[in-house]
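One letter stands for each residue in the lines below.
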Amino acid sequence: DLRDALNALEEDPVIMSALPGDMSRVFLHLKRDEWERFMATVTEWDFERFLEVLP
C-alpha cells in the first residue's frame, strides 16, 4: 500500500539523496496526509457492506 511504499522510499538513501532540498520532506508529508485522508474516507462500498452489521 502507499504507506509501505512511502516507508520504503524514506529508507532508500539513493532516491532520497536525489531529491533536492526539502523536496523529500514535503513529498513524504503530502503523501502521508493523502494516505491518512484515504484511510479515513468511508466509501459507498463500505457503507453498503457494513451498514447491515451496525447495531
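Residues numbered from 1 in each chain as written. Predicted model: local features only at pLDDT ≥ 70, side-chain atom pairs only at ≥ 80, totals over all residues. Heavy atoms only, no water.

Draft legend 1. Molecular detail of the overall build of the protein chain. Assigned secondary structure in the protein chain consists of four helices and zero strands. For the protein chain, the α and β elements follow one another from N to C terminus as α-α-α-α. For 55 residues, the compact-globule formula gives about 10 Å, and the C-alpha radius of gyration of the protein chain, at 16 Å, lies well above that figure. Total accessible area computed for the protein chain in this model is approximately 4800 Å², and 62% of it derives from carbon and sulfur atoms. (Helix = DSSP H or I, 4+ residues; strand = E, 2+ residues; numbered from the N terminus. Rg over C-alpha atoms; globule rule 2.2 N^0.38 Å. Areas by Shrake-Rupley, 256 points an atom, 1.4 Å probe, with all protein chains shown as cover.)

Draft legend 2. Representation of the packing of aromatic side chains within the structure. Applying the stated criterion across every chain, the model contains two aromatic pairs. Plain terms: the ring middles of Trp35 and Phe38 are 5.8 Å apart, the flat faces sit at 35° to each other, and that makes the pair tilted. Of the two residues, Trp35 and Phe38 are both situated in helix α3 (residues 23-40); the distance of three residues between them amounts to about one turn of the helix. The exposure class of Trp35 is buried, given its relative accessible area of 16%. The exposed category is assigned to Phe38, whose relative accessible area is 54%. The interplanar angle of 85° and the centroid separation of 5.9 Å between the aromatic rings of Trp45 and Phe50 together place this pair among those described as edge-to-face. By relative accessible area, which is 55% here, Trp45 ends up exposed. When its relative accessible area of 40% is taken as the criterion, Phe50 is described as partly exposed. (Phe/Tyr/Trp six-rings, centres within 6.5 Å; stacked < 30°, edge-to-face > 60°. Buried < 20%, exposed > 50% of the residue type's maximum accessible area, 1.4 Å probe, protein only.)

Draft legend 3. Focus on a nonpolar patch on the surface. A grouping of Val42, Phe47, Leu51 and Leu54 is seen on the molecular surface, where their side chains present a nonpolar patch of about 420 Å² in accessible area. Within the element layout of this structure, Phe47 appears in helix α4 (residues 44-50). (Patch = residues over 30% accessible without salt bridge, like charges linked within 9 Å, V, L, I, M, F, W, Y side chains within 5 Å. Salt bridge = Lys/Arg side-chain N within 4 Å of Asp/Glu carboxyl O.)

Draft legend 4. Spatial organisation of the pattern of salt bridges. Considering all chains together, one arrives at six salt bridges under this definition. As a salt-bridge pair, Arg3 and Asp4 come within 3.8 Å of each other at their nearest N and O atoms. As a salt-bridge pair, Glu10 and Arg32 come within 2.9 Å of each other at their nearest N and O atoms. Here Arg32 lies in helix α3 and Glu10 lies in helix α1 (residues 2-10), a separation of 22 residues in the sequence. Judged by relative accessible area, Arg32 falls into the partly exposed class, the value being 26%.

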